[in-house]
There are 2 protein chains.
Amino acid sequence: MAILERARGSVDPELRSAIESLPGAMRRTALYHFGWQHADGSPATGNAGKAIRPALVLTAAEALGGPPARKAAVRAAAAVELVHNFTLLHDDVMDRDTTRRHRPTAWTVFGDADAILAGDALQALALRLLAEDPHPASTAAAARLAACVVELCEGQHADTAMEKRACGEVGLDEALAMAEAKTGALLGCACALGALYAGATREDVEAMDAFGREAGLAFQLIDDVIGIWGDPRRTGKPAGADLAARKKSLPVVAALTSGTPAAAELAELYEVPYGKGGMAAEEETARTALAVEQAGGRDWAQVQAADRMARAMQELARAVPEPESAGGLLALAEFVTRRTT
Amino acid sequence: MAILERARGSVDPELRSAIESLPGAMRRTALYHFGWQHADGSPATGNAGKAIRPALVLTAAEALGGPPARKAAVRAAAAVELVHNFTLLHDDVMDRDTTRRHRPTAWTVFGDADAILAGDALQALALRLLAEDPHPASTAAAARLAACVVELCEGQHADTAMEKRACGEVGLDEALAMAEAKTGALLGCACALGALYAGATREDVEAMDAFGREAGLAFQLIDDVIGIWGDPRRTGKPAGADLAARKKSLPVVAALTSGTPAAAELAELYEVPYGKGGMAAEEETARTALAVEQAGGRDWAQVQAADRMARAMQELARAVPEPESAGGLLALAEFVTRRTT
């Protein structure tokens, strides 16, 4: 998608020069994590992710302040991407996730300590970029980004805590609050930073934050649906991987709390670790997915996602009433939420 | 010591209100780490450490800008203390250290994930405090503190890497560089931030940074000497704990690189894990300590510490020529380096 590629093109030089400024070990770990180096330090063509967050910063800045605001917001866009990647590095350590962007995670290659330190350094780099940015919005942007980091940490904590609890003990409201903190907060912050760099009013900055949050929640809902019913050839993950990991994703929590017979069946399936229920893997995945669907989890997630997108559109229209200016943000919101299942 | 208690009194309210602003899990972990809560969440009388870093910020500000600068620098002092404690939380996870300030470390109580997240949040809080501080120096202070975080991470990495290497592969210069990054950098940054808040010239800010770095290195050298020859009743650690852990502290590296017969003996002792050399614990500790001493490690560390302190005094005299203004900083530097062995 052209908007994302354009954002990568604008932000990558800033991002790379920030990362190249790191001392040896953290530079190596970060360059690997971003896909710019192989584990042995040789150059890689790179897969640094989709650049949705920097694209939101730049596109929000342009929507509210035109091309000059977009240009001014490049450092802020890089800062948001650094924060996103700092949380990925740390989340992978905490969750013991072994694959990220189709490659082994940094901690599996360099160890926990180097992955933690690289994450710490990326957070520092992000806030340093803003502190060194002479733009009048940079200080407010730094305060907002730092506050967002705390919210991201809270989201990660809530996620881990929820995964440890029994099926019957997880409420739908808290699952939604967790997703908002873990995913919505940084997308909202990205849009708010773009608005700040455009010199937008306080109200418009908040509306843009709300736009990003709602779109982010829609994105998470769709992502969770794909995690269950997505085509493995397109998602790059095995079919039903989230179900096999007994993940309490949003459709699953909606299903578990539906009070239907299928909810009880799903809870029973989830209580036994995957592969221990005496069924073949394919059968178990299919039965679990069917229970989520029959308990209404799939429909609920799709209705919720549509609802969140509608709210996002309302917030966007408030901050950017002219359709031609809002086009880029609209396209981004649609892109992130219409990833085909 | 009165200067430290006064600093605690000024900084603690700012520090506590920042930490109280955190969401549940991170607040709990941070309050425990600072000694303000027990593991069960009940209030504790607190042992938040000696407050050397905030005292340096405030005393440096006062030395260069009088009482108004001291008052203005309270947030910066809290930010430095937050960064220090963020690194302690993460270092304890990476090093698997189980005791900190005479209590079980946070990760042993709340798990790795909560300790990592609390550390992440404290870094964010530190930079947020500065971003929200309207003082004209706050932006330069934030940039400097963020750059310091990267240096601290590099120091921690170098420390871990050094500990993994064989005795013959560790040079004295790199051990000193590691100590400067791990300990000197933040003490230097604390002094530099105080100078920034006093509106000092660029040269004076750098001189104050160098003062803190040199004093920090002297502190580390003395600390390492205490770690080997200190009285367990005063240090709170078992006698020779650093030797038992085979730590490559500065006196040990100086001894190992001395080219003396005692260096070879020390290397031999260090190659075998503590307690596996067929000696009684006390005998092994005594023999190892003696080898370090005979190889000149103790004398070298004491001469180096004195040398660093002399350099620190020169830098201090450059930035604060009036003895009456420099008194507090001098007292602090002497306090941290004259901890009795």
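None of the values given here were measured: they were computed from a predicted structure.

Criteria and cut-off values
Residues numbered from 1 in each chain as written. Chains lettered and ligands numbered in written order. Predicted model: local features only at pLDDT ≥ 70, side-chain atom pairs only at ≥ 80, totals over all residues. Heavy atoms only, no water. Helix = DSSP H or I, 4+ residues; strand = E, 2+ residues; numbered from the N terminus. Rg over C-alpha atoms; globule rule 2.2 N^0.38 Å. Buried < 20%, exposed > 50% of the residue type's maximum accessible area, 1.4 Å probe, protein only. Contact = heavy atoms within 4.5 Å. Areas by Shrake-Rupley, 256 points an atom, 1.4 Å probe, with all protein chains shown as cover. Lys, Arg positive; Asp, Glu negative; His and termini not counted. Charge placed at Lys NZ, Arg CZ, Asp CG, Glu CD. Axes fitted to C-alpha atoms, helices over the stretch in contact; angles between N-to-C directions. Parallel < 35°, antiparallel > 145°, perpendicular 65-115°, else oblique. Left-handed = near helix turned anticlockwise from the far one by under 90°. Nonpolar A, V, L, I, M, F, W, Y, C, P; charged D, E, K, R; others polar. Phe/Tyr/Trp six-rings, centres within 6.5 Å; stacked < 30°, edge-to-face > 60°. Lys NZ or Arg CZ within 6 Å of the ring centre and 35° of its normal. Buried area = accessible area lost by both parts, 1.4 Å probe. Salt bridge = Lys/Arg side-chain N within 4 Å of Asp/Glu carboxyl O. Polar contact = N/O pair within 3.5 Å; in protein donor to acceptor, adjacent residues only side chain to side chain. Least-squares fit on C-alpha atoms with pLDDT ≥ 70 in both. Disulfide = S-S within 2.5 Å. pLDDT = per-residue confidence, 0-100.

1. Focus: the overall build of chain A
Here is step 1 of the chain: Secondary structure assignment for chain A yields 16 helices and 2 strands.
Here is step 2 of the chain: A globule of 341 residues ought to have a C-alpha radius of gyration of about 20 Å, and chain A, at 20 Å, matches this closely.
Here is step 3 of the chain: Looking at the 341 residues of chain A, the share that counts as buried comes to 56%.
Here is step 4 of the chain: Long-range contacts, defined as pairs at least 24 residues apart, comprise 72% of the intrachain contacts of chain A with a sequence gap of at least 6.
Here is step 5 of the chain: Here chain A displays about 13,300 Å² of accessible surface, and carbon together with sulfur accounts for 52% of that area.
Here is step 6 of the chain: Here chain A holds 35 positive side-chain charges and 46 negative ones, and the gap between their average locations is 4 Å.

2. Comments concerning the packing of helix H4 (residues 74–95) of chain B against helix H6 (residues 112–131) of chain B
All names here are of chain B.
Here is step 1 of the chain: Where H4 contacts H6, the two axes come as close as 8 Å, and the packing angle between them is 160 degrees. One finds that H4 runs roughly antiparallel with respect to H6. Note that H4 runs across H6; the crossing there is left-handed. Here Arg75, Ala76, Ala78, Ala79, Leu82, Val83, Asn85, Phe86, Leu89, His90 and Val93 of H4 come into contact with H6, specifically with Asp112, Ala115, Ile116, Ala118, Gly119, Asp120, Leu122, Gln123, Leu125, Ala126, Leu129 and Leu130.
Here is step 2 of the chain: Split by residue class, the contact of H4 with H6 holds 16 nonpolar, 4 polar and 3 charged.

3. Some points on helix H2 (residues 24–33) of chain B
Because an α-helix packs 3.6 residues into every turn, residues spaced three or four apart end up facing the same way.
Here is step 1 of the chain: For H2 of chain B, the tally of buried residues reaches 7 of 10 residues, placing the bulk of the element in the interior.
Here is step 2 of the chain: Turning to H2 of chain B, its buried residues are Ala25, Met26, Thr29, Ala30, Leu31, Tyr32 and His33 of chain B.
Here is step 3 of the chain: Packed against the buried residues of H2 of chain B are helix H7 (138–164) of chain A together with helix H1 (2–20), H4, strand E2 (103–104), helix H5 (106–110) and H6 of chain B.
Here is step 4 of the chain: Within two residues after H2 of chain B, glycine 35 of chain B carries a phi angle of roughly 80 degrees, on the positive side.

4. Some remarks on the packing of aromatic side chains
Residues and elements named next belong to chain A.
Here is step 1 of the chain: Counted under the stated rule, the structure contains 4 aromatic pairs over all chains.
Here is step 2 of the chain: Each ring, one from tyrosine 32 and one from phenylalanine 110, has its centre 5.4 Å from the other, and the planes form 80 degrees; the classification is edge-to-face. Of the two residues, tyrosine 32 is situated in helix H2 (residues 24–33) and phenylalanine 110 in helix H5 (residues 106–110); the sequence distance between them amounts to 78 residues. Here tyrosine 32 and phenylalanine 110 have matching classes, each one buried.
Here is step 3 of the chain: Positioned over the ring face of tyrosine 32 is arginine 103, at 4.0 Å from the centre of the ring.

5. Things to note about the environment of leucine 243 of chain A
Residue and element names in this part refer to chain A.
Here is step 1 of the chain: By the secondary structure assignment, leucine 243 is in helix H11 (residues 241–244).
Here is step 2 of the chain: The spacing of leucine 243 and alanine 333 is 90 residues in sequence and 27 Å in space, taken between C-alpha atoms.
Here is step 3 of the chain: Other than its neighbours up to four places away in sequence, leucine 243 contacts Ile228, Val252, Tyr270, Thr285, Thr288, Ala289 and Val292.

6. A few points about the side chain of threonine 59 of chain A
All names here are of chain A.
Here is step 1 of the chain: Position of threonine 59 among the secondary structure elements: in helix H3 (residues 52–72).
Here is step 2 of the chain: The class of threonine 59 is buried, set by a relative accessible area of 9%.
Here is step 3 of the chain: Residues within four places of threonine 59 in sequence aside, it is in contact with Ile3, Arg70, Gly328, Leu329 and Leu332.

7. Structural notes on the interface of chain B and chain A
Here is step 1 of the chain: Each partner contributes to the interface: chain B provides 31 residues, whereas chain A provides 31 residues.
Here is step 2 of the chain: Across the chain B/chain A interface, buried area totals approximately 2,800 Å², and carbon plus sulfur atoms make up 76% of it.
Here is step 3 of the chain: Linking chain B to chain A there are 0 salt bridges.
Here is step 4 of the chain: On inspection of chain B and its partner chain A, the count reaches 8 residue pairs in polar contact (both at pLDDT 80 or more).

8. A word on the relation of the copies chain B and chain A
Here is step 1 of the chain: Mapping chain B onto chain A calls for a rotation angle of 180 degrees and an axial translation of 0.0 Å; the resulting RMSD is 0.0 Å. As the rotation angle and translation indicate, the two copies are arranged about a two-fold axis.
Here is step 2 of the chain: Of the residues that chain B buries at the interface, 100% are likewise interface residues in chain A, meaning the two copies contact each other through the same surface.

9. With respect to unusual backbone geometry
Here is step 1 of the chain: Of note in the backbone geometry, arginine 246 of chain A takes a positive phi value of approximately 60 degrees without being a glycine.
Here is step 2 of the chain: Residue placement: arginine 246 of chain A occurs in the loop between H11 and helix H12 (250–256).

10. Here's the deal with the pattern of salt bridges
Residues and elements named next belong to chain B.
Here is step 1 of the chain: Here the structure, examined in full by the defined rule, presents 52 salt bridges over all chains.
Here is step 2 of the chain: Among the salt bridges present, the one from arginine 75 reaches glutamate 14, with a minimum N-O distance of 3.9 Å. Here glutamate 14 lies in helix H1 and arginine 75 lies in helix H4, a separation of 61 residues in the sequence.
Here is step 3 of the chain: You can call arginine 75 partly exposed: its relative accessible area is 27%.

11. Points about the environment of leucine 117 of chain A
Here is step 1 of the chain: In this structure, leucine 117 of chain A sits in helix H6 (residues 112–131).
Here is step 2 of the chain: Spatially, the C-alpha atoms of leucine 117 of chain A and serine 258 of chain A are 42 Å apart, while their sequence positions differ by 141 residues.
Here is step 3 of the chain: When sequence neighbours within four positions are dropped, the list of residues in contact with leucine 117 of chain A reads Met26 of chain A together with Met94, Cys153, Gln156 and His157 of chain B.

12. Here we look at the side chain of serine 138 of chain B
All names here are of chain B.
Here is step 1 of the chain: Tracing the backbone through its elements, the reader meets serine 138 in helix H7 (residues 138–164).
Here is step 2 of the chain: Classification of serine 138 as buried rests on a relative accessible area of 3%.
Here is step 3 of the chain: Here aspartate 133 takes part through its backbone oxygen, which lies 2.8 Å from a polar atom of the side chain of serine 138.
Here is step 4 of the chain: Among residues more than four places away in sequence, those in contact with serine 138 are Leu130, Asp133 and Tyr197.

13. Thoughts on the state of the cysteines
Residue and element names in this part refer to chain B.
Here is step 1 of the chain: Using the criterion set out here, one finds 0 disulfides over all chains in the structure.
Here is step 2 of the chain: Cysteine 148 supplies the cysteine sulfur nearest to cysteine 189, a cysteine that is in no disulfide, at a spacing of 4.2 Å.
Here is step 3 of the chain: The class of cysteine 189 is buried, set by a relative accessible area of 1%.

14. Quick look at the environment of serine 325 of chain B
Residues and elements named next belong to chain B.
Here is step 1 of the chain: Among the secondary structure elements, serine 325 is positioned in helix H16 (residues 323–337).
Here is step 2 of the chain: The spatial distance from the C-alpha of serine 325 to the C-alpha of aspartate 159 is 36 Å, given a sequence separation of 166 residues.
Here is step 3 of the chain: For serine 325, the contacting residues outside a window of four places in its chain are Ala63 and Val320.

15. Considerations on the confidence of the model for chain A
Here is step 1 of the chain: This prediction gives chain A a mean pLDDT of 94; 99% of its residues lie at or above 70.
Here is step 2 of the chain: When mean pLDDT is compared element by element in chain A, H6 of chain A scores highest at 98, while helix H10 (residues 232–235) of chain A scores lowest at 74.

16. Observations concerning the packing of H7 of chain B against helix H8 (residues 172–197) of chain B
Residue and element names in this part refer to chain B.
Here is step 1 of the chain: Running from amino to carboxyl end, H7 crosses H8 at an angle of 165 degrees, the nearest separation of the two axes being 8 Å. Regarding the angle of H7 to H8, the classification is roughly antiparallel. Judged by the sense of rotation from one axis to the other, the crossing of H7 with H8 is left-handed.
Here is step 2 of the chain: Looking at the contact of H7 with H8 residue by residue, the class counts come to 17 nonpolar, 3 polar and 5 charged.

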